[in-house]
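# A closer look at the structure
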Amino acid sequence: MGMTAGVLAVDAGNSKTDVAVLAADGTVLATGRGGGFRPPAVGVETAVDALAEAVAEAFTAAGITSVDHVSACLANADFPVEEEQLAAALHARAWGTTVEVRNDTFAILRAGITEPRGVAVVCGAGINCVGMRPDGRTARFPALGRISGDWGGGWGLAEEALWHAARAEDGRGGPTALSRTLPSHFGHATMLALIEALHLEHIPPARRHELTPVLFATAADGDPVARSLVDRLAEEVVTMATVALTRLDLLTEETPVLLGGGVLAARHPQLDDGIRDLLAARAPKAVPQVVTASPVLGAALLGLDATGAPMEAHARTRAYYEG
């Protein structure tokens, strides 16, 4: 038998994976870093193989071979059936005695709160929202894009901006500065040229999200169409948060509403103010705050919650990541 530790925390997003090994008292013994986690694209086993590299690195550095509990917050774990499938795949690796898999949005939520109680809205490439209470109840959305009723996220905003800009240039829609600012970001003079470059993939599809900051800059310069898209995002963020608070019976008590992901962490004044004003009107007890802590901290704290670790252990782990 090799040495064992308390918790293996895994935060696996679409673009990168962070892992940490914690002693039972919350001391961070080792960390590891890996690539993105995308089971829909590569299959569950291949995706978990990529995690295994980061885990092996951390286990070796910590001088251990297993842990008591694996707390994994994983991108693309959107339905309970997917969580079960991923939990089974992690269990098969024998990294720990018990395994809990959650959607990666829960890591961002738990990283920003002192107890497992609150709501988080995350707007990065996509948009998602989760909530939790200490009694174990949660609120969540499938968050698969338009098919599941979502609007927003970096990809969605870029697509929406392109739609308005294309129509402004060809006369189907009203004027917007986006018809100049979007093509000029990629060195093109017209939307027609940009559309052709995107269609023929002269501009790699992955670069499309670069248009989201251009949208926000255009809004900041006063363009009414760009501003209306930013306002609509504020509306979506607050709608998701209010629904989650309502489902968890948290509307009437002071509750943190965490805002995370690249789009919300960028602190665009119009978006920030819009979210705060709408929340004040619809969920006056909600306390909005932007989460900047590393999400793997949230996965670690969820692991300490599950193992019944004392508050000092939580504080020790938090100090490591926030110190």
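Below, the structure is looked at part by part. These numbers were taken from a predicted model, which means no experiment stands behind them.

### What to know about helix 8 (residues 211-220)
Counting buried positions along helix 8 yields 7 of 10 residues, so the element is predominantly enclosed. Here helix 8 has its buried residues at Leu211, Thr212, Val214, Leu215, Phe216, Thr218 and Ala219. Of the surrounding secondary structure, the elements contacted by the buried residues of helix 8 are helix 5 (153-170), helix 6 (178-185), helix 9 (224-247), helix 10 (262-265) and helix 11 (269-282). Where helix 8 ends, the next residue or the one after it, glycine 222, has phi of about 100°, a positive value.

### Let's talk about the packing of aromatic side chains
Under the counting rule described, the total for this entry stands at 1 aromatic pair. Relative to tyrosine 321, the ring of tyrosine 320 lies with its centre 4.9 Å away and its plane at 80°, an arrangement referred to as edge-to-face. In this structure tyrosine 320 comes out as partly exposed when scored by relative accessible area, which is 46%. On the basis of relative accessibility, which here comes to 23%, the residue tyrosine 321 falls in the partly exposed class. Positioned over the ring face of phenylalanine 106 is arginine 102, at 5.2 Å from the centre of the ring. When the ring centre of phenylalanine 141 is taken as reference, the NZ or CZ atom of arginine 247 above it lies at 4.8 Å.

### Some remarks on the nonpolar core
Residues Leu182, Leu233, Leu271 and Ile275 are the most contacted members of the largest nonpolar core, which totals 51 residues. Broken down by element, the residue count for this core peaks at 12 residues, all from helix 9. Contacts of leucine 182, omitting those with residues within four sequence positions, involve Ala161, Leu162, Ala165, Met191, Leu194, Leu211 and Val214. Residues Val48, Ala77, Leu86 and Leu90 belong to the second largest nonpolar core, which totals 30 residues.

### Concerning the packing of helix 9 against helix 11
Put simply, helix 9 and helix 11 touch, their axes get as near as 9 Å, and they point 40° apart. Taken as axis vectors, helix 9 and helix 11 run oblique relative to one another. Considering only the axes of helix 9 and helix 11, their crossing is right-handed. Contacts between helix 9 and helix 11 pair Arg227, Val230, Asp231, Leu233, Ala234, Glu235, Val237, Val238, Thr239 and Thr242 from the former with Gln270, Leu271, Gly274, Ile275, Leu278, Leu279 and Arg282 from the latter.

### Observations concerning the pairing of strand 1 (residues 4-12)
Strand 1 sits mainly inside the fold: 8 of its 9 residues count as buried. Looking at chain direction, strand 1 and strand 2 (residues 17-22) are connected through 6 bridges and run antiparallel. If you follow valine 10 over to strand 2, its bridge partner there is valine 19. Connecting strand 1 to the antiparallel partner strand 2 that follows it, the hairpin turn spans 4 residues.

### Re helix 7 (residues 191-199)
Looking only at helix 7, the buried set comprises Met191, Leu194, Ala197 and Leu198. Taken down its axis, helix 7 places every buried residue within 125° of arc, on the same side. For helix 7, the exposed residues set more than 90 degrees away from the buried face come down to Leu192 and His199. Looking at the buried positions of helix 7, the neighbouring elements they touch are helix 5 and helix 6. Just downstream of helix 7 lies glutamate 201, where phi reads positive at about 60°.

Procedures and definitions
Residues numbered from 1 in each chain as written. Predicted model: local features only at pLDDT ≥ 70, side-chain atom pairs only at ≥ 80, totals over all residues. Heavy atoms only, no water. Buried < 20%, exposed > 50% of the residue type's maximum accessible area, 1.4 Å probe, protein only. Helix = DSSP H or I, 4+ residues; strand = E, 2+ residues; numbered from the N terminus. Contact = heavy atoms within 4.5 Å. Phe/Tyr/Trp six-rings, centres within 6.5 Å; stacked < 30°, edge-to-face > 60°. Lys NZ or Arg CZ within 6 Å of the ring centre and 35° of its normal. Core = buried A, V, L, I, M, F, W, Y, C linked by side-chain atoms within 4.5 Å. Axes fitted to C-alpha atoms, helices over the stretch in contact; angles between N-to-C directions. Parallel < 35°, antiparallel > 145°, perpendicular 65-115°, else oblique. Left-handed = near helix turned anticlockwise from the far one by under 90°. Pairing = 2+ DSSP bridges. Arc of directions from axis to C-beta.

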